[in-house]
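Geometric and topological summary
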Protein chains: 2
Amino acid sequence: MNKQQQRSEETRTRLLKAAETSFAQHGFDATGVAKICQVAGVTKGAFYHHFSSKQEIFLELFRRWLEGLESQMTNLREETVSVPEELLSMSGLIQEVLQAAEDQLPIYLEFWTRAMRDPTVMQALIDPFHRYRDLFSEMISEGISEGTLKKVHPETTAKLILALALGLLIQGLIDPRGDDWQRVTQESLQILLTGLRER
Amino acid sequence: MNKQQQRSEETRTRLLKAAETSFAQHGFDATGVAKICQVAGVTKGAFYHHFSSKQEIFLELFRRWLEGLESQMTNLREETVSVPEELLSMSGLIQEVLQAAEDQLPIYLEFWTRAMRDPTVMQALIDPFHRYRDLFSEMISEGISEGTLKKVHPETTAKLILALALGLLIQGLIDPRGDDWQRVTQESLQILLTGLRER
DNA sequence: ATATACATACCAACCGGTCGGTATTGTATG
DNA sequence: CATACAATACCGACCGGTTGGTATGTATAT
């Protein structure tokens, strides 16, 4: 890699990093491009050299986040054996998501909110989201055919599980240190599995 | 109430109504005070006569929403008999929330996002939220002592149920016409109850 | 007469994005 | 190896437009 390319890439990541924390702290609208540049230690010229608009740097962050999530989920699937076990190990994933971001968790909400207004962002959200759902749906179907799960409707159950994950994440947002969400997730999944498991 | 008060109150509600739809459609930041006034059919003078800032009219809407939710929930509790039945009738409530707002659902997300930045809004959100949780917690405890529910941890289960409700709401936001969320909610609660019910 | 409820005109601040220019690195040529 | 040229990466002053909020005037009810 060139010296130039190297420098370029570094500024780019600095900008992304700066944008991420800024968006997380103050939201998309309240974060000026100038502020992002200041945090990144570059100028507007650099910014608009790398990104064509404020919207675009946001979308870039969004995509990266979704990609990370998806790869985590697929990794998960490969490591486990039975479906119920697989579901239980989900709690670890939720915990990871919660911890990974720490202070900048609100950016996820920002993603969501903006998706509601902007069709481009919405599409970027919906597609992976549906893939997650399908992934869960397949998991359920698998569990049914392997005889570890009751004969429930896979798609509905997938929605149920996703709802649980989303809801716990959001509650974790409100009450970050109030509770051991790892434990709550674990127990919740236990209860859920009691209703799902074939015995 | 005299003629002046009557007029005053009408403008106030018009402003609130206008703000609600505008915030829902375009978000807090993207909605100008001027636009709210235009929709309401009054001028800025009227606006700042009734509300000291844009933030304040937002908070007013927020409080009203939370109050509405809470009263709906307490109503629900009085009408039903056994706890499992009570939980099942929750699905109706979720459905109501989804329908009631229709186009302006995103405003709830707006509430949430702003709460993450603004301590005032956050407090206004957390307090009722904890009350909801306590309400559920009591429901569970009641169910346990009346012998219809297994001996689970009430608070954890309350979080689980709230998570489910929140998650389904959010998925409903993404996919408003994709599915019969009423049915999904119903079935999800069924599955959950299978894991909770004492038999 | 006086307070209330609103209208009008206006401002200072800010913000996303542009643009002409510069500095540094890479490359072709003699 | 030196020179000329080109491409890339970046700078920072600037602009048009918007916005929340204010100052002041006016009409109407009490």
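Quick note: structure is the one above.
Residues numbered from 1 in each chain as written. Chains lettered and ligands numbered in written order. Predicted model: local features only at pLDDT ≥ 70, side-chain atom pairs only at ≥ 80, totals over all residues. Heavy atoms only, no water.

Near DNA strand C you find 20 residues, and of these A:Lys44, A:Lys54, B:Thr11, B:Thr43 and B:His50 are the closest. In DNA strand C, atoms within 4 Å of the protein come from the sugar-phosphate backbone in 69% of cases. A:Lys54 is positioned such that a nitrogen or oxygen atom in its side chain is 2.7 Å from a phosphate oxygen of DNA strand C. One of the side-chain N or O atoms of B:Thr43 is found 2.6 Å from a phosphate oxygen in DNA strand C. (Near = heavy atom within 4 Å. Polar contact = N/O pair within 3.5 Å; in protein donor to acceptor, adjacent residues only side chain to side chain.)

All names here are of chain B. Mapped onto the secondary structure, Arg114 falls in helix 6 (residues 106-117). For the buried Arg114, which has no salt bridge, the nearest side chain bearing the opposite charge is Asp29, at an N-O separation of 4.2 Å. Setting aside residues no more than four positions away along its own chain, Arg114 makes contact with Phe28, Asp29, Gln55, Phe58 and Val121. (Helix = DSSP H or I, 4+ residues; strand = E, 2+ residues; numbered from the N terminus. Buried < 20%, exposed > 50% of the residue type's maximum accessible area, 1.4 Å probe, protein only. Lys, Arg positive; Asp, Glu negative; His and termini not counted. Salt bridge = Lys/Arg side-chain N within 4 Å of Asp/Glu carboxyl O. Contact = heavy atoms within 4.5 Å.)

With that settled, consider the interface of chain A and chain B. Counting residues at the interface gives 48 residues for chain A, matched by 48 residues for chain B. Where chain A abuts chain B, roughly 3,900 Å² becomes buried across the two surfaces, and 66% of that area is made up of carbon and sulfur atoms. Sorting the residues of chain A by area buried against chain B places A:Arg117, A:Ile174 and A:Ile191 first, and these three jointly supply 18% of that buried surface. The tally of links from chain A across to chain B stands at zero salt bridges. Where chain A touches chain B, the interface holds six residue pairs in polar contact (both at pLDDT 80 or more). Breaking the side of chain A that touches chain B down by element, the ones donating at least two residues are helix 1 (3-26), helix 6 (106-117), helix 7 (119-145), helix 8 (154-174) and helix 9 (181-196) of chain A. It is helix 8 of chain A that contributes the most residues to the side of chain A that touches chain B, 14 residues altogether. (Buried area = accessible area lost by both parts, 1.4 Å probe.)

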